[in-house]
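# What the coordinates show
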Amino acid sequence: MIAGEQQLEIVRHDQLPAGSLTPLLKMLWSPSADLNAGHLEWKYNLNPYSSTPLIYVAMAGDSVIGMRGIFGCRWECGAGETFPAMCAGDLVVTPEHRGRGVMTAIMNRAFRDLEVIGVKWLFNFSAGAATRLTSLVAGWGTTPPIERMRRSAQNNPKKSRLFVPKAGSVAAKVRTTAIEAGHRIERGETPFASAMRRVTRWDPFTGADKTHVGEKENGVEMTSVPRPMAMADLAIRVRPTEKIRHVSDEQYFDWRFQSPLSSYRFFFLGRSVIDAYLVLQARQFPMHGRIVRIAEWVGVTPEARRLVLEAALDACLRVPFEIWTSSLSAEDRATLAGCGFTQQAAKSAAEYTPAVLVRPVGSRIPPRPWLFAGHDVLDINSWNLSLLDSDGC
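Summary of the structure given here. Here the structure is a predicted model, which means the values were calculated and not measured.

Let us now look at the overall build of the protein. A tally of regular secondary structure across the protein gives 12 helices and 21 strands. Buried positions account for 51% of the 393 residues belonging to the protein. Per element, the accessible surface of the protein, about 18400 Å² overall, is 53% carbon and sulfur.

In structure tokens form, the structure reads like this:
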């Protein structure tokens, strides 16, 4: 395999000197080398679902030109039957080497290793348009798009009326170019780049922390600290057993919110035993626009879920929100609509649209349907999904 005029070699990241991935991670996650190093440690080395980090690096000569990570997860269905599965993510290739087979070479090596260690399925919940297309050509399958709803910033006319150019227009291309130029400056090591990072670092919860943390409104408390045991107990009470879902035990919740790249806020209805919770997530350095994600929204009744939703929206009025809705009930979607959320649809083929990409591991891809516990993994209705299931959240 040739990348440009140099032989392409795929190696594991633990074969390289420390810091070798720093330039790629700045393109992928954030302009902060320290935050990226902490996120890498959390996602791969501290991951409770894989004992060995699998990060594959493409080398052209002595140059690091691309990477992709394979990280641990644990999906289940029914009475605890689990997938022997892992997730693919964190794909980045330097601009001058894109479209030259780097991703294909990485994945060929990864699939050989995964088959040896007994992994049967590989999932991807965060593929962009280009990655999705390349994956489908390589034999992956995909569910229909995951449905989303968004709400614009409230009580802030200046933000809500920001000009958003039409996708594909000259204005959109100019805007994209300007954003990319800003990110390139942020990734630098100069004093100006450091100052720029201090300016662009985002914390949408500052105001809410001053006015809402610790207070109870209709029995709902906002906090920056998760309650893994109580959250796991509620998940057992309400999670649909007939759907494919990620394991939601105390170990998972204790690990899940430790990434230094993101800020989280939690809204709980109840104390030691809770009847509902909602999790908000925001990236400190958003690479694709500032938005707060409703990472998970769980409750024993529609009324309990409504209370934590309203508390979260009231605490963070001046920011836009997004939530995945494919797994929500019609009643919960109606609640969101009543709070100002609207359904989102991709405006162009190039726009990011979440879906579940699936690939059986092995040299021979089996005929479809691909089933787990009797469920078609390419049917979006087989899954119980929230934004928390995406490694981008």
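Here we take up the pattern of salt bridges. For side chains bearing opposite charge, pairing can occur when the charged atoms are close. Under the definition given, this model contains 17 salt bridges. Of the charged contacts in the structure, one is a salt bridge between Glu322 and Arg148, with a shortest N-O distance of 3.3 Å. Taken together, the residues Glu322 in strand S17 (residues 321-324) and Arg148 in strand S10 (residues 148-151) connect sequence positions 174 residues apart. Neither Glu322 nor Arg148 differs from the other in exposure class; each is buried. What you see here is one network of salt bridges that share partners, running through Lys43, Asp90 and Asp391.

With that out of the way, let us pick up the sheet that holds strand S16 (residues 292-299). Overall, mixed pairing links the 8 strands, which are arranged S11-S12-S14-S15-S16-S17-S10-S18 in an open sheet. Edge strands, defined here as strands with exactly one partner in the open sheet, are strand S11 (216-217) and strand S18 (342-344). Most of the contacts of helix H9 (residues 228-238) go to strand S15 (residues 274-283), to which it runs at about 115 degrees, and overall it touches strand S14 (262-270), S15 and S16.

Time to look at the packing of aromatic side chains. Within the structure shown, the criterion is met by 24 aromatic pairs. With a centroid separation of 6.0 Å and an interplanar angle of 85 degrees, the aromatic rings of Phe83 and Trp121 are classed as edge-to-face. Taken together, the residues Phe83 in the loop between strand S6 (81-82) and strand S7 (85-93) and Trp121 in strand S8 (residues 121-124) connect sequence positions 38 residues apart. With a centroid separation of 5.9 Å and 80 degrees between ring planes, the pair formed by Phe125 and Trp383 is classed as edge-to-face. Placement of Phe125 in the loop between S8 and helix H4 (129-137) and of Trp383 in the segment after strand S21 (375-376) is noted, with a sequence separation of 258 residues between them. Here Phe125 matches Trp383 in class, with each residue buried. One Lys or Arg, Arg359, reaches over the ring of Phe111 and ends 4.3 Å from the middle of that ring. We note Arg368 situated over the ring of Trp370; from NZ or CZ to the ring centre the distance is 4.7 Å.

Further remarks concern H9. When H9 is considered as a whole, its buried residues turn out to be Pro228, Ala230, Met231, Ala232, Leu234 and Ala235. Buried positions along H9 lie against helix H10 (250-256), S14, S15 and S16.

Within the secondary structure layout, Glu296 lies in strand S16. Residue class for Glu296 comes out buried when judged on its relative accessible area of 5%. Spatially, the C-alpha atoms of Glu296 and Leu388 are 6.0 Å apart, while their sequence positions differ by 92 residues. Residues contacting Glu296, with those up to four places away along its chain left out, are Arg239, Phe253, Tyr277, Leu278, Val279, Ser386 and Leu388. Of note is the side chain of Glu296, whose polar atom sits 2.8 Å from the side chain of Tyr277.

Conventions adopted
- Residues numbered from 1 in each chain as written.
- Predicted model: local features only at pLDDT ≥ 70, side-chain atom pairs only at ≥ 80, totals over all residues.
- Heavy atoms only, no water.
- Helix = DSSP H or I, 4+ residues; strand = E, 2+ residues; numbered from the N terminus.
- Buried < 20%, exposed > 50% of the residue type's maximum accessible area, 1.4 Å probe, protein only.
- Areas by Shrake-Rupley, 256 points an atom, 1.4 Å probe, with all protein chains shown as cover.
- Salt bridge = Lys/Arg side-chain N within 4 Å of Asp/Glu carboxyl O.
- Pairing = 2+ DSSP bridges.
- Contact = heavy atoms within 4.5 Å.
- Axes fitted to C-alpha atoms, helices over the stretch in contact; angles between N-to-C directions.
- Phe/Tyr/Trp six-rings, centres within 6.5 Å; stacked < 30°, edge-to-face > 60°.
- Lys NZ or Arg CZ within 6 Å of the ring centre and 35° of its normal.
- Polar contact = N/O pair within 3.5 Å; in protein donor to acceptor, adjacent residues only side chain to side chain.

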